[in-house]
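# Descriptive analysis of the structure
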Amino acid sequence: MSGTSAALQPPADAVRPVRHPDAPAPGELLGAHYGQCFGCGDEQPHGLHLQARAAEGVSITAEFTVQAAHQGAPGLAHGGVLATALDEALGSLNWLLRTIAVTGRLETDFVRPVPVGTVLHLEAEVTAVAGRKIYCTATGRIGGPGGPVAVRADALFIEVKVDHFIDHGREEEIQAAMSDPDQVRRARAFEVNP
C-alpha cells in the first residue's frame with residue numbers, strides 16, 4: 001500500500017507469522033465469529049455476511065456481495081462498508097493464529113468505485129508479529145481474485161485477553177455468548193472486535 005504510515009511498519013525485531021497447528025485447514029470455511037457481527041454474522045439482516053476461508057500460510061480469502069443497504073452514493077458501496085469488509089477479513093486472520101486481537105489501526109486506500117451487486121473478493125495475510133502486535137494487509141478485487149483492485153488496507157491488530165470484551169461489552173450479550181454450549185462459537189465470539 002502506498003503511503004503506509006510508520007505505525008504500520010513492523011519493527012526490525014518483528015518475526016514471520018506462524019500458523020497455529022490447530023488453525024482451520026486451507027480451504028476450510030471459517031464461519032461467523034459472532035452471529036450479531038455486522039461483518040460476518042448471519043443474524044444481521046443488513047450485514048455483509050462476509051464468508052472467509054483459510055488459505056495457505058497465515059492468510060485468508062473472503063467474499064461478500066454489495067447489497068442496496070450498503071450504498072453510500074447512489075448505486076455504489078459506501079466507503080465505510082468497504083473499510084468494514086477489509087477490517088473483517090483482516091480480523092479473521094487472528095483465527096489462524098488462534099489469538100484474540102482487536103483492531104489498533106486500519107489504513108485504507110479506495111482505488112475504484114464498487115457498484116451495488118458486485119462480489120468483492122478479498123485476500124488478507126499476516127505479514128509480521130512483534131510481541132502483542134500483529135501486522136497485516138488486505139486487497140479487495142471486483143468480481144474475483146483476478147479482478148481489478150478496488151480497495152486495499154494495512155492494519156495493526158493488538159493481542160488482548162478475553163477480559164477486554166467482558167470489561168467493555170454490554171453485559172447481556174457477553175453473558176449470552178459465554179453461555180453458548182458450543183465451545184468453538186463461545187471462543188470465537190470474543191475474537192476480533194475493538
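Summary of the structure given here. (Residues numbered from 1 in each chain as written. Predicted model: local features only at pLDDT ≥ 70, side-chain atom pairs only at ≥ 80, totals over all residues. Heavy atoms only, no water.)

## Looking at the sheet that holds strand β1 (residues 51-54)
Just so we agree on the cut-off: Criterion used throughout: strands pair if DSSP finds at least two bridges between them. Each helix is a run of H or I in the DSSP string that is no shorter than four residues. Each strand is a run of E no shorter than two, and both are numbered from the N terminus. For every element, the axis is a line fit to its C-alpha atoms; helices are fit only across the contacting stretch, and the angle between N-to-C directions ranges from 0 to 180 degrees.
The antiparallel open sheet is built from six strands, whose spatial order is β1-β2-β4-β5-β6-β3. Whereas interior strands pair on both sides, the edge strands pair on one side only; in this sheet they are β1 and β3 (101-110). The mean angle between the axes of side-by-side strands here comes to 20 degrees, regardless of whether they run parallel or antiparallel.

## A word on the nonpolar core
Note the following rule: For the purposes of this section, nonpolar cores are sets of buried Ala, Val, Leu, Ile, Met, Phe, Trp, Tyr and Cys residues that join through side-chain atoms within 4.5 Å. Each residue is placed in one exposure class: buried if its accessible area under a 1.4 Å probe, protein chains only, is under 20% of its type's maximum, exposed if it is over 50%, and partly exposed if it falls in between. Any two residues whose heavy atoms approach within 4.5 Å at even a single point are treated as in contact.
Formed by 37 residues in total, the largest nonpolar core has its most connected members in Ile60, Phe64, Leu90, Leu93, Leu120, Leu122 and Val126. At ten residues, the largest contribution of residues to this core is made by helix α1 (residues 79-97). Once residues within four sequence positions are removed from consideration, valine 126 is found in contact with Pro17, Val58, Leu93, Leu97, Ile134, Tyr135 and Cys136. With six residues, the next largest nonpolar core counts Leu8, Ala130, Leu156 and Ile158 among its residues.

## Overview of the side chain of serine 59
Put simply, the rule reads: Here a polar contact is recorded for every N or O atom pair within 3.5 Å, except that within protein the pair must consist of a potential hydrogen donor and a potential acceptor, and residues adjacent in sequence are included only if both atoms are side-chain atoms.
If you trace the backbone, serine 59 turns up in strand β2 (residues 59-65). For serine 59, the side chain forms a polar contact with the main-chain oxygen of glutamate 56, separated by 2.5 Å. Setting aside residues up to four positions removed in sequence, serine 59 forms contacts with Arg53, Ala54, Leu93, Leu96, Ala124 and Glu125.

## Regarding the pattern of salt bridges
A side chain of one charge can pair with a side chain of the opposite charge if their charged atoms are brought near each other. Quick reminder of the rule: Whenever Lys or Arg places a side-chain nitrogen within 4 Å of a carboxyl oxygen from Asp or Glu, that contact is recorded as a salt bridge.
Scanning the entire structure with this criterion turns up one salt bridge. Arginine 105 serves as the salt-bridge partner of glutamate 107, at 2.9 Å between the closest nitrogen and oxygen.

## Focus: unusual backbone geometry
Of note in this structure, histidine 49 is not a glycine but carries a positive phi near 55 degrees. Here histidine 49 is to be found in the segment before β1. Taking the relative accessible area as the measure of exposure, histidine 49 reaches 34% and is therefore partly exposed. A positive phi angle, near 60 degrees, is found at arginine 98, a position not held by glycine. Tracing the sequence through the fold places arginine 98 in the loop between α1 and β3.

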